[in-house]
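Summary of the model geometry
This is what each chain is made of:
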Amino acid sequence: MEPVYLLFDVGGTEIKCGMAEADGAIRQPLLRFPAKAKEIQAHILDHFAWVVQTLAGQAGERRIGGVGMAFPGPFDYEHGISRMRGLDKYDSIYGVPLEKEIKKRAAAVQEARFVFLHDIEAFALGSSRFGPAKQAGRILCLCMGTGAGSAFVCHQRIVKQGKGIPLNGWIYQTPFHESVIDDYLSVRGLARLSREIMGRERDGRTLYECCQKGDCQAMEVYRRFGAWIREAMVPFMDAFLPDAMLLGGQIAGSFPFFGGALREECKKRAISVYLEKDTSIRAMQGLYAWMQSQSIGQL
C-alpha cells in the first residue's frame, strides 16, 4: 500500500492541513485550525502535536511517509527551529526543535521523516511542479500580503544565488523609495496609499469592493500600487530573465485593478504571468515534491 504524506501550511493565524497521495494529489477539503501562535510554549507545542495527530488519524492503516511543514521566516529550516521573535507570533517557541517536541507528543509520527520549508519557497516549488507555470524554466515568484515574499525557481528547483537573485532569494529587504520593498508591496503599502488618496486606511478587501463599484479613488490606490510593483520588480526581471512571473498572496486577487503596469512590462519581455489563488495547496505540493526529491537525491 502506498504511503501518504502529512502536510501543513503554518501561519500566524491559521494552520492549514492536507494529506498527499503518492502522486502528489492533495485530499480535499483541507483541514483548518487556529494557530494559537501567541500562547505559551507548552500550549503551542501541544497544539501542534494535536493537529498532527488529528491529520494522521485520517490516514487509517496507511503508512505515513513523511511530515512536511511550511513556516514563515525567520526559521532554521534545516533543523526545524523557529527564529521568530518580536513578530507577535510564535515568540514562545523560539529556539525549540519542533520535530523532537512533536514526536514526544504525537505517537502516530514517531517513525516519520520531517521536513521544513519556507512557506513562499514551498509555494513556488509546488507551483513549478504542479501549477500552470510548470512548463516555465525560470520563474520569479512574488507573494504579497503582510509582507512581500519571494522565491526564484530554475527548472523546478529553488535557487538562492546567481545573477538577479538577492540574498536567499528574498526581495523584501531591498532598498526602495524611503525604506524597503516590504513596506510598499504589502498591506502596509495599500494602507499608506489609501490614507493619502482616500483620507483613511482601507484593507484590500474593501478596496477591491470599492473598485468593483467604480470608485475612482480606490482605483487610483491600485494604479499607484501597480506602479510600485512595476518599479520594484523590473530590475529583478531584467537581471534574472524569468520565463514566468508567478503571483500569490492575499493581494494577488486584486490583480485586475493593479496588474496592468506589470503585465505590460512582462509582455515586453515575453514573460508569462500566472496567478495562484490557493497558495496553501501549492505550498503542500511543494513540501511533497521536496520530500520526494530528497529521497531520490534530485535537489
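Before reading on, note that the structure itself is shown above.
So, here is what we can say about the structure in this document. Everything numeric in this text was worked out from a predicted model, so none of it was measured.

Counting secondary structure elements, the protein contains 9 helices and 14 strands. Dimensions along the principal axes, computed over C-alpha positions, put the protein at roughly 55 × 40 × 35 Å. Looking at the protein residue by residue over its 299 residues, the buried ones come to 52%. Within the protein, contacts between residues separated by at least 24 positions form 64% of all contacts whose residues are at least 6 apart in sequence. In the structure as shown, the protein presents an accessible area of about 13,800 Å², 49% of it carried by carbon and sulfur atoms. Within the protein, the 33 negative side-chain charges are centred at a point lying 2 Å from the centre of the 37 positive side-chain charges.

Taken in spatial order, the 5 strands of this open sheet run S3-S2-S1-S4-S7, and their pairing is mixed. Two strands lie at the open edges of the sheet, namely strand S3 (31–34) and strand S7 (114–118), each paired on one side alone. On average, each strand axis in the sheet is inclined to that of its neighbour by 20 degrees, with strand direction left out of account. Bridging between strand S4 (residues 64–71) and S7 involves 5 bridges; their strand directions are parallel. Looking across to S7, one finds that Ala70 is bridged to Leu117. Taken strand by strand, helix H2 (residues 98–105) contacts S4 and S7, and its axis lies near 135 degrees from that of S7.

What counts as what
Residues numbered from 1 in each chain as written. Predicted model: local features only at pLDDT ≥ 70, side-chain atom pairs only at ≥ 80, totals over all residues. Heavy atoms only, no water. Helix = DSSP H or I, 4+ residues; strand = E, 2+ residues; numbered from the N terminus. Buried < 20%, exposed > 50% of the residue type's maximum accessible area, 1.4 Å probe, protein only. Contact = heavy atoms within 4.5 Å. Areas by Shrake-Rupley, 256 points an atom, 1.4 Å probe, with all protein chains shown as cover. Lys, Arg positive; Asp, Glu negative; His and termini not counted. Charge placed at Lys NZ, Arg CZ, Asp CG, Glu CD. Pairing = 2+ DSSP bridges. Axes fitted to C-alpha atoms, helices over the stretch in contact; angles between N-to-C directions.

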